[in-house]
Amino acid sequence: MSKVTIYHNPRCSKCRQTLDLLQQQGVDAEVVEYLKTPPDAEQLDTILTLLKLEPRELMRTNEAEYREQGMDNPDLSREQLISLMVRYPKVIQRPIVIKDGKAAIGRPPETVLDIL
């Protein structure tokens, strides 16, 4: 069976629901608590590419860090936004599930079934 990775925050209900859904499907996913072990810039760039998203589209714009760190500045480059996401992982949308070069955001949790 192919490796499945979930970027997970145990305090997030959607993350817990998505992890439960994976387990119901018999998937033994590698759980990465991204607040404790954030993806590095290269990993985040790959995740964005797999999701076909730009950094701002994967950001939780309602988080205090988003405003406090000026992430809403339209002049920030892709690289600068990725760097800020690595430094402040709380702004990264979650959960993210990756399998076989495909990725999905578990909002709603059922969307991850498309890549399994």
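Analysis parameters
Residues numbered from 1 in each chain as written. Predicted model: local features only at pLDDT ≥ 70, side-chain atom pairs only at ≥ 80, totals over all residues. Heavy atoms only, no water. Pairing = 2+ DSSP bridges. Helix = DSSP H or I, 4+ residues; strand = E, 2+ residues; numbered from the N terminus. Buried < 20%, exposed > 50% of the residue type's maximum accessible area, 1.4 Å probe, protein only. Right-handed = clockwise from strand over helix to strand, strands pointing away. Polar contact = N/O pair within 3.5 Å; in protein donor to acceptor, adjacent residues only side chain to side chain. Salt bridge = Lys/Arg side-chain N within 4 Å of Asp/Glu carboxyl O. Core = buried A, V, L, I, M, F, W, Y, C linked by side-chain atoms within 4.5 Å. Contact = heavy atoms within 4.5 Å.

Draft legend 1. Here's a closer look at the pairing of strand β4 (residues 102–105). Summarising the sheet, strand β3 (residues 96–99) and β4 pair through four bridges and their orientation is antiparallel. Bridged to Val-97 within β4 is Ala-104. Counting the residues in the hairpin turn of β3 and β4 gives two residues, including Asp-100, whose phi is positive at 50 degrees.

Draft legend 2. Region of the structure containing the pairing of strand β1 (residues 4–8). The buried fraction of β1 is high, at five of five residues. Every second residue of β1 is oriented toward a common face, with Val-4, Ile-6 and His-8 on one face and Thr-5 and Tyr-7 on the other, all of them buried. Note that β1 and strand β2 (residues 30–33) share four bridges and pair parallel. Bridging from a neighbouring strand, Tyr-7 pairs with Val-32 of β2. In this region the chain leaves β1, passes through helix α1 (residues 13–24) and returns to the parallel neighbour β2; the handedness of that crossover is right-handed.

Draft legend 3. View of the environment of Glu-57. Locating Glu-57 in the fold gives a position in the loop between α2 (41–51) and α3 (64–68). For the pair Glu-57 and Met-71, spaced 14 residues apart in sequence, the C-alpha separation works out to 12 Å. Only 2.6 Å separates the side chain of Glu-57 from the backbone nitrogen of Glu-54, close enough to count as a polar contact.

Draft legend 4. Expanded view of the pattern of salt bridges. For the structure on display, the rule yields seven salt bridges. Here Glu-30 and Lys-3 are joined by a salt bridge, their closest N and O atoms 3.0 Å apart. Note that Glu-30 is positioned in strand β2 and Lys-3 in the segment before β1, a separation of 27 residues in sequence. Close ionic contact of Asp-100 with Lys-99 constitutes a salt bridge, the shortest N to O distance being 3.5 Å.

Draft legend 5. Expanded view of the nonpolar core. Leu-51, Leu-58 and Ile-96 are the most contacted members of the largest nonpolar core, which has 24 residues in total. Of all the secondary-structure elements, those providing two or more residues to this core are α2, α4 (78–87), β3 and β4. When near neighbours in sequence (up to four residues on either side) are disregarded, Leu-58 contacts Leu-44, Ile-47, Leu-48, Leu-51, Leu-53, Met-85, Val-91, Ile-92, Gln-93, Ile-96 and Ile-105. The next biggest cluster of nonpolar side chains, apart from the first, holds 11 residues, and it includes Val-4, Leu-19, Val-27 and Val-97.

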